[in-house]
Each structure stands twice: as C-alpha cells, then as structure tokens.
Amino acid sequence: MWRDLFDRNPYGTNCWLLANDGSVEAVVVDPGFEPDLVRGMLDAAGKRPAAVLLTHAHLDHAAQAGAFAGDDVPVYVHEADAVAFHDPERWNPGFANPLADVKDLRTLTDGDTIELAGFDIEVQHMPGHTPGHCCFRTDAFVLSGDLVFAGSIGRSDFPNSSPADMQRSLRRFLELPDGSPVWPGHGPETTVGRERATNPFLRGFA
C-alpha cells in the first residue's frame, strides 16, 4: 500500500493520501488546505486522485476539498454534513466555516461500501463531533477523523455537536478489533487496542 500525509497547516490536520498496491489511483482524505501542494505530492508518486473522502465538514478538514477536486474528482461526505456546503447557517457549527464550492458532491450513509483506489472502504457513521462525522474502515486501517486521537477524543461542545451521540460513537469505535491501525484527523497514528488501554477519555467505555 502507498500512503503519504500532508499536515503542514495551521490546525495540524492530517490529509491522508492512500492507494492500494498496483493502483495508480489514490483516495485523498480531508484535503482542507493547500490543494496545489497535495496535487504535487500525488504527481511525484505517479498517482492521480480518484476521489476525496471527508470525515466531516469542518473547515480544517474540508475547506479546500472543492478546490482540490476541481471539475472531475467526486467529493464524498455523509448526508448530514453535506448541509454545510449548501446551507451553512442551518448546519450551524458555531463559527465561520467557509468551504470552497464542490462540483460533484456525493453523499454517504452508514454501512455504505465504496470501491476507491483499490480499497473497499466501509462507511461508519460516527456522529457527535458533527452530525455527519464518519470513520472509514478497510481491512488495513481505520480513518478516525476527529472521533479518536492518540490519547484523546474530539470535541462535542459545538452547537451542532451531540455529547450523547459522541458517547455512542466511542462505544462503537471500541467494538473494532484491537489490532486495527487508526489514522486520525490530527496527531500521530495509533491502534484501537492502544486507545482502549491508555486513552483516559475511553476508560469509562472499555
């Protein structure tokens, strides 16, 4: 598997660039910043973008998704966070959340499986941080977005957050196999088992 990471931005947001063995196509996860630089990373590796996946629609993950995607790359986001692109006041994050226009915005729901860049990617709707926050899972990794970080969890105190949903999502996260690598939306990678054993915010759920 080919993997690269762009995190040189003011929020330290992880933009993951992924392709399975033998695939020249890559899936780009959460390109919130510097679309030209991210494109350059793909070009240097001989990859072309097949799709953008958004774990959620906060600007640090999604602001430049439309600029990166341009006219020919689809952008996938859960239907509850797609609202942020066409009705940000109704989505109501509680802060300015400017998002570039997306030409081809496609919505996801829980349980969907999409085939991209040689991966079968399972969509797991994990709301709480935002209404449409998702984790993306394959046999090789879990992209946890802003649900779980190494040693921490995402916030659930924004106007459109839900602490109750967050708790349910954290419990669902802990149903994943301990050996699953977790690639979060910020900070270093971890595993489900490591977070189960050491994350102080998950002790009440383990």
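Please refer to the structure placed before this passage.
What comes next concerns the included structure.

Parameters and conventions
- Residues numbered from 1 in each chain as written.
- Predicted model: local features only at pLDDT ≥ 70, side-chain atom pairs only at ≥ 80, totals over all residues.
- Heavy atoms only, no water.
- Helix = DSSP H or I, 4+ residues; strand = E, 2+ residues; numbered from the N terminus.
- Rg over C-alpha atoms; globule rule 2.2 N^0.38 Å.
- Buried < 20%, exposed > 50% of the residue type's maximum accessible area, 1.4 Å probe, protein only.
- Contact = heavy atoms within 4.5 Å.
- Lys, Arg positive; Asp, Glu negative; His and termini not counted.
- Charge placed at Lys NZ, Arg CZ, Asp CG, Glu CD.
- Pairing = 2+ DSSP bridges.
- Arc of directions from axis to C-beta.
- Salt bridge = Lys/Arg side-chain N within 4 Å of Asp/Glu carboxyl O.

**Side note on the overall build of the protein**
- On a plain count of helices and strands, the protein comes out with seven helices and 14 strands.
- Over its C-alpha trace the protein gives a radius of gyration of 16 Å, about what one expects of a compact globule, namely 17 Å for 206 residues.
- Seen along its three principal axes, the alpha-carbon backbone of the protein occupies a region of about 45 × 40 × 30 Å.
- A burial count over the protein gives 53% of its 206 residues as buried.
- At a minimum sequence separation of 6, the contacts of the protein that also span at least 24 residues come to 59%.
- Between the mean site of the 16 positive side-chain charges and the mean site of the 30 negative ones, the protein shows a separation of 5 Å.

**Considerations on the sheet that holds strand β10 (residues 142–145)**
- Reading across the sheet, the six strands line up as β7-β8-β9-β10-β13-β14 and stay open at both edges, with mixed pairing between neighbours. Two strands in the sheet have a free side with no partner beyond their single neighbour: β7 (113–116) and β14 (190–191).
- Relative to strand β9 (residues 134–137), strand β8 (residues 119–125) runs antiparallel, the two sharing four bridges. By the bridge assignment, V123 is partnered in β9 with F136.

**Here we look at helix α6 (residues 163–173)**
- Among the residues of α6, those classed as buried are M166, S169, L170 and F173. Down the axis of α6, the sector holding all buried residues measures 100°, keeping them to one side.
- In the core, the buried residues of α6 are packed alongside β11 (148–149), β12 (152–153), β13 (181–184) and α7 (192–198).

**Considering the pattern of salt bridges**
- Tallying each qualifying case throughout the model produces nine salt bridges.
- One salt bridge in this structure joins R168 and D165, with 2.4 Å as the shortest N-O distance. In this pair, R168 and D165 both sit in helix α6, three residues apart, roughly one turn of the helix.
- The exposure class of D165 is partly exposed, given its relative accessible area of 24%.

**Focus on helix α4 (residues 79–86)**
- Listed in full, the buried residues belonging to α4 are D81, A82, V83, A84 and F85.
- Buried residues belonging to α4 abut α2 (59–62), β5 (75–78), α5 (88–91) and β6 (105–108).

The analysis is restricted to geometry; functional conclusions fall outside its scope.
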